[in-house]
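Observations on chain architecture
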Amino acid sequence: MGKGLTKRAENYSEWYNEIVAKADLAENSGVRGCMVIKPYGFAIWEKMQAELDRMFKETGHQNAYFPIFIPKSYFSKEASHVDGFAKECAVVTHYRLKNSEDGKEVIVDQDAKLEEELIVRPTSETIIWDTYKRWIQSYRDLPILVNQWANVVRWEMRTRLFLRTSEFLWQEGHTAHATKVEAIKEAEQMLEVYADFAENFMSVPVLQGTKTESERFAGALETYCIEALMQDGKALQAGTSHFLGQNFAKAFDVKFATKDGGQEYVWATSWGVSTRLMGALIMTHSDDYGLVLPPKLAPIQVVIVPIYKSPEDLNRISNYAEGLIIELKELGISVKYDDDDQRRAGWKFAEYEMKGVPIRIAIGPKDMENGTVELSRRDVPGKEGKEYAPQANLAVRLQELLEEIQVNLFQRASSYRQEMTTIVDNYDDFKKTLTDKGGFIMAHWDGSEETEKRIKDETKATIRCILHGGKEEDGKCIYSGKPSKRRVVFAKAY
RNA sequence: CGGGGUGUGGCCCAGCCCGGUUAAGGCGCCUGCUUUGGGAGCAGGAGAUCGCAGGUUCGAAUCCUGCCACCCCGACCA
């Protein structure tokens, strides 16, 4: 039992906060709304980064880096972009500090006012398109397929660790193309990459879809997204990919010479996932005992805890463990042997459960006699997930078990999502489902922003997306009764 | 920006209404002994200008005034 961990059923958001704290993932900092990501939490993020980075490169992208500061004049060039972000921008106005008259504090030197204010990037489209203008002259310069790993700042009023912080880490891809078709294909491809990553690496099932106009990224013609379902029945947008059309090319006057000598505006995309994925990870798999990590994201995949009284016992166990560790490492499995004598075994068990280590091996004198180990899988807590496994061929067994856990987590989350997806045909059922059950609700919508907004105002539910590959089906809008050609996905969202 | 709340050892917090010895307790930390197959027990110890600045008073964590910070609920959001 997680010591002091609030149960999900009692208070979900408290449970979430406690996991973040007790699993050593992150904590609040002295700066309002900004978090400190702790080593264990950052190790998980690094695993995400490494895999995504590999996937981006495999699809032809290169990394680059653009400035954190964006001149206000750049920022204001694309009108809808400004509308979307203006209210949450941090602005740099001065470049120097000085001692106050009484020498007691440091103050802003009013003489050091910037000629032009700098915006701390909330996203980098504008600085990047100002740059691309210089990079692109001819169709031969296209496509440009660039990604950057960076921090961004959006001055949020209400923040929550990983889910919404004023500063967060992310990657943002920015691509430039000669044709509309190619740009759309790129945006779609990157959505596929995200979905693949979420499902196969994080074991988080996601819906792929297109945002409605009101939920669209500021400056995009089309926003695609992956949406995950958390254990409290709320949806979480886990990644977005945007087809930006020629909006930024026009705003920054980025044209290219075509093969036949004409001049055309460049087509653009951008796409990103952030440290918010950490929130998705936590809220998808974890339980009342603590964090649960899919093996592919676990900084430690197998932990070995020796149980002993005498130094002789420890010696024998350590000798055995040493061999096992070598075998595991050869199989590419990250393993920790915790023979710290400052902590008792029970303490360690609870600790590694809290931190979501997928497999725990405990070895005591009895095991050494029997040629066994006590093997516990984190995805099945308690006795049920515990067995005495033979020492023979253990490393291979563990490798297989890690794969099994990876798949099991995905399947469990998938069946939960299936249970929590409801088809409704009228507004009363819609409201009832929303309050009694939550989850994704598939319902007909007349396609108007007006209806969408009214439903949101009345129920707090938003249209998460219009499913890709969703089938056409005649029906009536649950709110207005007007004809509709397909169902869309509603949910309350983070 | 509106409405509500809280600031007390590293962390959680009692005390405040009704002013008065050395500011209580838990977690954590340090020392020692005993323990060790699911978050050990006992004993001892260190650690606090009670958010800041004024005021009232013989005396302020406690009462008054002002300021600051943070948290929660609403409108915006990956």
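Residues numbered from 1 in each chain as written. Chains lettered and ligands numbered in written order. Predicted model: local features only at pLDDT ≥ 70, side-chain atom pairs only at ≥ 80, totals over all residues. Heavy atoms only, no water.

**Concerning the domain arrangement of chain A**
For chain A, the assigned domains read domain 1 (12-92 + 108-285), domain 2 (300-403) and domain 3 (421-491). One C-alpha centre belongs to domain 1, the other to domain 3; they are set 28 Å apart. Listed per partner, the contact involves 18 residues of domain 1 and 15 residues of domain 3. Counting the surface lost from both domain 1 and domain 3, the interface buries some 1,300 Å², and carbon and sulfur atoms represent 60% of this. Across the contact surface, domain 1 and domain 3 share two salt bridges. Across the pair Arg464 and Glu215 runs a salt bridge whose closest N-O atoms are separated by 3.9 Å. At the level of secondary structure, the elements contributing two or more residues to the side of domain 1 that touches domain 3 comprise strand S11 (207-210), strand S12 (222-229) and strand S13 (235-245). (Domains from an automatic or database assignment. Contact = heavy atoms within 4.5 Å. Buried area = accessible area lost by both parts, 1.4 Å probe. Salt bridge = Lys/Arg side-chain N within 4 Å of Asp/Glu carboxyl O. Helix = DSSP H or I, 4+ residues; strand = E, 2+ residues; numbered from the N terminus.)

**Details of the pairing of S11**
Judged from the four bridges that link them, S11 and S12 form a sheet pairing that is antiparallel. Residue pairing in the sheet places Leu207 in a bridge with Glu227 of S12. Bridge analysis of S11 against strand S24 (residues 462-467) gives two bridges, and the strand direction is antiparallel. Counted as the bridge partner of Thr210 is Ile466 from S24. (Pairing = 2+ DSSP bridges.)

**Some points on the packing of helix H13 (residues 427-436) against helix H14 (residues 449-459)**
Contact geometry for H13 and H14: axes closest at 12 Å, N-to-C directions at 45 degrees. The orientation of H13 with respect to H14, classified from their angle, is oblique. Crossing of H13 against H14: the hand is right-handed. Listed contacts from H14 to Tyr427, Phe430, Lys431 and Leu434 of H13 are Ile455, Glu458 and Thr459. Residue composition of the contact of H13 with H14, grouped by class: four nonpolar, one polar and two charged. (Axes fitted to C-alpha atoms, helices over the stretch in contact; angles between N-to-C directions. Parallel < 35°, antiparallel > 145°, perpendicular 65-115°, else oblique. Left-handed = near helix turned anticlockwise from the far one by under 90°. Nonpolar A, V, L, I, M, F, W, Y, C, P; charged D, E, K, R; others polar.)

**What about the pairing of strand S19 (residues 359-363)?**
Most of S19 sits inside the fold, with five of its five residues counted as buried. A two-sided burial pattern is seen for S19, the buried positions comprising Ile359, Ile361 and Ile363 on one face and Arg360 and Ala362 on the other. With five bridges joining them, strand S17 (residues 302-306) and S19 adopt parallel strand pairing. Looking at the pairing, Val302 lines up with Ile359 of S19. (Buried < 20%, exposed > 50% of the residue type's maximum accessible area, 1.4 Å probe, protein only.)

**Notes on the protein's contact with RNA strand B**
Surveying the vicinity of RNA strand B reveals 33 residues, the closest of which are Met157, Arg164, Gln237, Arg276 and Glu353. Taking the atoms of RNA strand B that fall within 4 Å of the protein, sugar and phosphate contribute 39% of them. Note that a phosphate oxygen of RNA strand B is positioned 2.7 Å from one of the side-chain N or O atoms of Arg344. A distance of 2.6 Å separates a base oxygen of RNA strand B from a polar atom in the side chain of Arg360. For the surface near RNA strand B, the secondary structure elements donating two or more residues are helix H10 (345-354), S19 and helix H11 (365-370). Looking at the surface near RNA strand B element by element, the count peaks at seven residues for H10. (Near = heavy atom within 4 Å. Polar contact = N/O pair within 3.5 Å; in protein donor to acceptor, adjacent residues only side chain to side chain.)

**Some thoughts on a nonpolar patch on the surface**
A cluster of nonpolar residues, Leu97, Val106 and Val108, forms a patch on the protein surface that exposes about 270 Å² of accessible area. Mapped onto the fold, Val108 is located in strand S7 (residues 106-108). (Patch = residues over 30% accessible without salt bridge, like charges linked within 9 Å, V, L, I, M, F, W, Y side chains within 5 Å. Areas by Shrake-Rupley, 256 points an atom, 1.4 Å probe, with all protein chains shown as cover.)

**With respect to the environment of Ser480**
Mapping Ser480 onto the fold places it in the loop between strand S25 (475-476) and strand S26 (483-484). We classify Ser480 as partly exposed; its relative accessible area is 32%. In this structure Ser480 touches Asp446 and Thr451, once residues within four positions along its chain are discounted. In this structure the side chain of Ser480 is engaged in a polar contact, spanning 2.6 Å, whose partner is the side chain of Asp446.

**Some points on the pattern of salt bridges**
Applying the stated criterion to the full structure yields 32 salt bridges. Where Arg54 meets Glu51, a salt bridge forms, and the shortest distance between an N and an O atom there is 2.8 Å. Taken together, the residues span about one helical turn, with Arg54 and Glu51 both in helix H2 (residues 39-58) at a distance of three residues. The class of Arg54 is partly exposed, set by a relative accessible area of 40%. Because the salt bridges share partners, they merge into one network encompassing Asp24, Glu27, Lys38, Glu351 and Lys355.

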